[in-house]
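Analysis of the macromolecular model
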Amino acid sequence: MARPLSLQARSLAAASVVLAAFLGLAFFALDRAFYDAAESSLRERLQGYMYAYLAGSDMTRSGNLIPPEVGPDPRFDQPAASGLYAGIVGARIIGAKDQIWHSPSALGRDLPFTADLVRGPPQFSGPIQTPVGALFVLSQGVDYNSGAKNELHLTYYVAEDSRALREQVDVYRRTLLGWLGALGAVLLLLLFAVLRWSLAPLRKVATDLARVERGTQERLDRSYPLELAGLTTGLNNFIDAERDRVKRYRNTLSDLAHSLKTPLAVMRSQLETGSEGEKLRWTVLEQVGRMDEIVAYQLSRAATSGHQTFATPLLLEPYAEEIVRSLEKVYAAKSILCEFDIDRAARFHGDQGDLMELLGNLLENAFKWARRRVLLTAHPLPAGSGRRAGLDLVIEDDGPGIPEDKVVHLLQRGVRGDERVQGHGIGLSIVQDIMKAYRGELHVDRSPSLGGARFAVRFGPR
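Presented here is an overview of the structure given in this document. (Residues numbered from 1 in each chain as written. Predicted model: local features only at pLDDT ≥ 70, side-chain atom pairs only at ≥ 80, totals over all residues. Heavy atoms only, no water.)

What about unusual backbone geometry?
Its identity as a non-glycine residue notwithstanding, Ser 335 has a phi of 50°, on the positive side. Within the secondary structure layout, Ser 335 lies in the loop between helix 6 (317-330) and strand 9 (337-342). Positioned with a positive phi, Arg 439 is a non-glycine residue whose angle comes to about 55°. Among the structural elements, Arg 439 can be located in the loop between helix 9 (427-437) and strand 13 (441-446). (Helix = DSSP H or I, 4+ residues; strand = E, 2+ residues; numbered from the N terminus.)

As structure tokens, then:
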């Protein structure tokens, strides 16, 4: 398949077509305007010549016309092909042959000076093809009246060869074509420079992405135009999320391998020391249970998707209701009332599994310690200059609460608030891992309304 044209090549090709069409129309319009102006000037010039001939003609007492002896332009008096011709058609013209008088330049030439026009305004026509070439002809019928019996009707003709006009137009066209061509070339060069300058940020994005792929650059640069700021910010967030994901997988595998060393070492030492069967059996069961807890915890950490740049927003209420229905069955003996205060605009931007894990661990912890009531509150945070709104999620219970000096200790992996309560002690640490993956905040204190523990989760706008 042929390689697609670049944006710069596409823009330059499109602009070239438009510019060529515009310059072509400009050439046609200017050429037409110049031709009309030159033709109008020629007509005015011929009109002046005719007025000069009318003024230079005279009439005798007998009613005969005396043509002018000298033409208004020396070319009328040149016998050779001068390009200017004059003639008078009438019955009583002194010196005329066959009732037609010709200027010296028109003698012996077959010219269209034969029609007898009635008196009226001048008539202009041309170019007319004749044996002497294409001519522009101006003609006018004139009546002379010096008395009742001395009336004379004449028709004056003045003609000019069209070669002069054609040469003038050709020179103008060559000059115009040269200037428009030069202008088009300059405009294309300027357009090329403007496109290079305008598309430079896109080339910079491609270059920075290539550097990120090679590992020579961590993130995209921040100095981009406003139109690309959203794109580059999204790409940077995507790059950070993927790196966090890879780092989380790598750390999880490392932690899993490290955590399994101790149980394996205990079982190996028991085998090497030749412990009795019952003791060995309980030791292996204990260490296998511990390894099961470690694997479950590390797999939960690895399954956390983390912050996603292009995540679909999820409603909270359906997932919270599903989890609460399950917990109500587990803790049916306690008859706990779970209340919701969830804003309809509240959304979680992330993976469904992470949302279920987050709500499940926090609600299970609340059900475990609550006496009668659990309250789930969720409200969106204003987006501000970010691209999407944040989320405030609060879970409260009316249980004994958590002393401030034990909060940090309780959030550690494997620590339980009460050893008598069943569990592995990893739920809250999984919540912490999810919060780190989504760049959120977890705050634990005492509930002002219910008196028990209060877990406040905040995902800032992004």
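Regarding the sheet that holds strand 3 (residues 84-90)
With antiparallel pairing, five strands are arranged side by side in an open sheet as 4-3-7-6-5. The sheet is open, and its two borders are formed by strand 4 (100-102) and strand 5 (123-130), each paired with just one other strand. Averaged over all pairs of adjacent strands, the angle between strand axes in this sheet comes to 25°, irrespective of strand direction. Bridging between strand 5 and strand 6 (residues 133-145) involves six bridges; their strand directions are antiparallel. The residue of strand 6 that forms the bridge with Gln 123 is Ser 139. Lying on the sheet, helix 1 (residues 7-56) is in contact with strand 3, strand 4, strand 5, strand 6 and strand 7 (151-161); it crosses strand 6 at an angle near 40°. (Pairing = 2+ DSSP bridges. Axes fitted to C-alpha atoms, helices over the stretch in contact; angles between N-to-C directions. Contact = heavy atoms within 4.5 Å.)

A word on the sheet that holds strand 13
With respect to topology, five strands assemble into an open sheet ordered 9-11-12-14-13, the strand pairing being mixed. Unpaired on one side and paired on the other, strand 9 and strand 13 mark the two borders of the sheet. Within this sheet the neighbouring strands show an average axis-to-axis angle of 15°, counted without direction. Across six bridges, strand 13 lies against strand 14 (residues 453-459) in antiparallel orientation. Within strand 14, the position partnered with Arg 446 by the bridge is Ala 453. The strands touched by helix 6 within the sheet are strand 9 and strand 11 (373-381), with strand 9 carrying the most contacts at an inclination of about 175°.

Thoughts on the pattern of salt bridges
All chains considered together, the criterion is met by eleven salt bridges. Note that Arg 454 is salt-bridged to Asp 445, the shortest N-O span being 3.4 Å. Residue Arg 454 is classed as partly exposed on the basis of its relative accessible area of 23%. The network of salt bridges with common partners includes Lys 204, Asp 208 and Arg 211. (Salt bridge = Lys/Arg side-chain N within 4 Å of Asp/Glu carboxyl O. Buried < 20%, exposed > 50% of the residue type's maximum accessible area, 1.4 Å probe, protein only.)

Some thoughts on the environment of Leu 135
For Leu 135, the position within the fold is in strand 6. Residue classification places Leu 135 among the buried residues on the basis of a relative accessible area of 0%. Between the alpha carbons of Leu 135 and Leu 84 there is a distance of 9.2 Å; along the sequence they are 51 residues apart. Excluding its chain neighbours within four sequence positions, the residues that come into contact with Leu 135 are Tyr 85, Leu 111, Pro 112, Ser 125, Gly 126, Pro 127, Ile 128, Thr 130, Ala 159, Glu 160 and Asp 161.

A word on the side chain of Asp 208
Locating Asp 208 in the fold gives a position in helix 3 (residues 200-214). Its relative accessible area of 3% is what places Asp 208 among the buried residues. Ignoring any residue separated from it by four or fewer positions in sequence, one finds Asp 208 in contact with Gln 217, Leu 220, Asp 221 and Tyr 224.

So, the environment of Asp 116
By the secondary structure assignment, Asp 116 is in the loop between strand 4 and strand 5. On the basis of relative accessible area, Asp 116 is assigned to the exposed category, the value being 52%. C-alpha separation for the pair Asp 116 and Leu 154, spaced 38 residues apart in sequence, amounts to 7.6 Å. At a separation of 3.1 Å, a polar atom in the side chain of Asp 116 contacts the side chain of His 153. Reaching out from Asp 116, the side chain makes a polar contact with the side chain of Thr 155 at a distance of 3.0 Å. (Polar contact = N/O pair within 3.5 Å; in protein donor to acceptor, adjacent residues only side chain to side chain.)

As for the environment of Arg 10
Along the chain, Arg 10 falls in helix 1. The exposure class assigned to Arg 10 is partly exposed, which follows from its relative accessible area of 48%. Each residue touching Arg 10, except ones within four places of it in the same chain, is listed here: Pro 4 and Leu 5.

Some thoughts on the packing of aromatic side chains
Taken as a whole, this structure holds ten aromatic pairs when the rule is applied. Arranged with centres 5.4 Å apart and planes meeting at 90°, the rings of Tyr 53 and Phe 76 form a pair that is edge-to-face. You can see Tyr 53 sitting in helix 1 and its partner Phe 76 sitting in the loop between strand 2 (65-66) and strand 3, a full 23 residues away along the chain. Between Tyr 53 and Trp 101, the aromatic rings sit 6.0 Å apart at their centres with planes inclined by 65°, giving edge-to-face as the arrangement. Remark: Trp 101 occurs in strand 4 and Tyr 53 occurs in helix 1; sequence separation between them is 48 residues. Given the relative accessible area of 12%, Trp 101 is considered buried. Members of the aromatic cluster, each reached through a chain of ring pairs, are Tyr 49, Tyr 53, Phe 76 and Trp 101. (Phe/Tyr/Trp six-rings, centres within 6.5 Å; stacked < 30°, edge-to-face > 60°.)

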